[in-house]
Amino acid sequence: YVCEVHEFQSWRAATRRERLLAKVIAPPRFAAWWTGFVADLLRLRSAADGGAAVVAHVNRSISQDKPYNELASALISTNGKAGRSPEVGFLLGDNAEPMAMASVTSQVFMGVRISCAQCHNHPFDVWTRRDFYAMAAYFGSYQNRHPSRTNHTVSKRRMDNCDIEPHLSAHP
């Protein structure tokens, strides 16, 4: 990093800021840094089944300026084989277990912890047990077809006769 400081100091003062920004956001450095940040944020585990593929997918998405809402939507609503659909790695990080996915997804994408509502209504917030299980019901439609194999497939189950309707309490 000392070399970078010396390089920065060698630039004309009037252009230092612009040159530094151009250097910092230049690919692949920008995408690599943000990939690490987003992978940590999303709790992506490169050693988990499909983990390396989903981290590479996040890197490509950042490199291609894919909007975050599109990336998030794809991670939450995907299905398929880990080798063919890299987004599946997000679900396989918690083995597509509905209760874990409800907790993780609410914390990662909504910034709230609703996991205590699995046992009781949240004591300090508006989340109820119904909210938690409604969120888990969405992920309950996923199944890990081959939990003992390394090439996992995650698919949506048919939910034609599901009694739980998706519902989240309205926040004030």
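All values reported here derive from a predicted model rather than from experimental measurement. (Residues numbered from 1 in each chain as written. Predicted model: local features only at pLDDT ≥ 70, side-chain atom pairs only at ≥ 80, totals over all residues. Heavy atoms only, no water.)

Colleague: Could you give an account of the environment of Pro-86, naming the residues involved and the relevant values?
Modeller: As for its placement among the helices and strands, Pro-86 is situated in the loop between β1 (80-81) and α6 (88-92). For Pro-86, a relative accessible area of 17% translates into the label buried. C-alpha of Pro-86 to C-alpha of Gly-50: the two residues are 36 residues apart in sequence and 6.6 Å apart in space. Pro-86 has contacts with Gly-50, Ala-53, Val-54, His-57 and Arg-60, leaving out every residue within four places of it along the chain. (Helix = DSSP H or I, 4+ residues; strand = E, 2+ residues; numbered from the N terminus. Buried < 20%, exposed > 50% of the residue type's maximum accessible area, 1.4 Å probe, protein only. Contact = heavy atoms within 4.5 Å.)

Colleague: Can you lay out the nonpolar core for me, pointing to particular residues and giving the numbers?
Modeller: Grouped together as the largest cluster of nonpolar side chains are 25 residues, with contacts concentrated most on Leu-42, Leu-44 and Phe-90. Listed by contribution, the elements that provide at least two residues to this core are α3 (29-41), α4 (51-63), α5 (68-77), α6, α7 (98-110) and α8 (129-139). Contacts of Phe-90, omitting those with residues within four sequence positions, involve Leu-42, Leu-44, Val-54, Leu-75, Met-101, Val-104, Thr-105 and Phe-109. (Core = buried A, V, L, I, M, F, W, Y, C linked by side-chain atoms within 4.5 Å.)

Colleague: Any details on the confidence of the model for the protein chain? Residues and values, ideally.
Modeller: Residues with a pLDDT of 70 or more make up 80% of the protein chain, whose mean pLDDT is 79. Mean pLDDT per element in the protein chain: strand β3 (residues 153-156) is the minimum at 52, and α4 is the maximum at 92. Confidence over residues 157-172 falls short of pLDDT 50; this stretch has 23 contacts with residues more than four positions distant or in other chains. (pLDDT = per-residue confidence, 0-100.)

Colleague: Any chance you could break down α4 for me, citing the residues and the numbers?
Modeller: Its 13 residues place the ends of α4 18 Å apart at the C-alpha level, agreeing with the 18 Å of an ideal helix rising 1.5 Å per residue. All buried positions along α4 are accounted for by Gly-51, Val-54, His-57, Val-58, Ser-61 and Ile-62. Mapping the buried residues of α4 onto a view down its axis gives an arc of 135°, with all of them on the same face. The inward-facing, buried residues of α4 contact α3, α5 and α6. Positioned one or two residues after α4, Asp-65 has a phi angle of 55°, which is positive. (Expected span 1.5 Å × (residues − 1). Arc of directions from axis to C-beta.)

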